[in-house]
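# Chain and residue survey
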Amino acid sequence: MSPRAAWRLEALGFEHVADYGAGKVEWLAYGLPREGSKADLPSAGELADPEPLTCGLHDSVGELAPALQRARYGQCLVINEQRIVLGRIRRSALDGVDEGARAEAVMESGPSTVRPDVPARELIERLAQKSLNTALLTTPNGCLVGVFDRRDAERALEGRAAGAA
């Protein structure tokens, strides 16, 4: 909200008003509470898997390989202690790699990410157009929110629609 809007709300009698300098877009991108006509539309963040397979830069390929073979999304997200996404290791990247190699040596740096406030239906359509099944969701500062799976989201939205009917 702008400083002017904050002052106006105080003048109208609101007691707990804050000037959030980063703005509405950043507020929503952090998954903070929403109001208004679109507040009930499910966001990508609401339907994301918050606990995908992750590892650190210095984890060894030998340690990662068994978990990566079983990984639901066929990838391991390389994060730091603050859960900032640094890279991604695809299952296929481990073929022929020495077990002593570190995650940092085999990861793809800086994978594309999406903010969690994107409407779920919109992200489903974007992924379908690109023939993709998943998207990585992060906050504006790069902190992992989760993995959005297009098929899971479609089922969840169908279930909500059936429950509302």
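See the structure shown above.
Right, let's walk through the structure included here. What you see is a predicted model; the values in this text were computed from it and never measured. (Residues numbered from 1 in each chain as written. Predicted model: local features only at pLDDT ≥ 70, side-chain atom pairs only at ≥ 80, totals over all residues. Heavy atoms only, no water.)

### Details of the sheet that holds strand β2 (residues 75–79)
What counts is decided by this rule: Should DSSP find at least two bridges between two strands, the strands are regarded as paired. Counting from the N terminus, the helices are the DSSP runs of H or I reaching at least four residues and the strands are the DSSP runs of E reaching at least two.
Taken in spatial order, the 4 strands line up as β1-β2-β3-β4 in an open sheet, and their pairing is mixed. A strand with exactly one partner marks an edge of an open sheet, and here the two such strands are β1 (54–55) and β4 (108–109). In the sheet, β1 pairs with β2 via 2 bridges, with the strands oriented parallel. Its bridge partner being in β2, Cys55 is matched across the sheet by Val78.

### Observations concerning the pairing of strand β3 (residues 85–90)
By the bridge criterion, 5 bridges tie β2 to β3 in an arrangement that is antiparallel. Residue pairing in the sheet places Val78 in a bridge with Gly87 of β3. Counted along the chain from β2 to the antiparallel partner β3, the turn is 5 residues long, and its residue Arg83 has a positive phi close to 70°. Here 2 bridges tie β3 to β4, and the two strands are oriented antiparallel to one another. From the neighbouring strand, Arg88 faces β4, where its bridge partner is Glu108.

### Here's the deal with the nonpolar core
Keep this limit in mind: We call a set of buried residues a nonpolar core when its members are Ala, Val, Leu, Ile, Met, Phe, Trp, Tyr or Cys and they connect through side-chain atoms within 4.5 Å of each other. Only protein chains enter the area calculation, which uses a 1.4 Å probe; residues under 20% of their type maximum are buried, those over 50% are exposed, and those in between are partly exposed. Contacts are residue-level and defined by heavy atoms, with any inter-residue pair within 4.5 Å sufficient.
Counting 14 residues, the largest nonpolar core has Leu47, Val114, Leu123, Ala135, Leu137 and Phe148 as its most contacted members. When residues of this core are traced back to their parent elements, those giving at least two are α5 (120–129), β6 (134–138) and α6 (150–164). Among the elements that take part in this core, α5 stands out by supplying 4 residues, more than any other. When near neighbours in sequence (up to four residues on either side) are disregarded, Val114 contacts Leu123, Arg126, Ala135, Leu136, Leu137 and Thr138. Core analysis: the next-biggest nonpolar cluster, separate from the first, contains 13 residues, Val61, Leu64, Ala71 and Leu94 among them.

Purely spatial values, then, with no claim about function.
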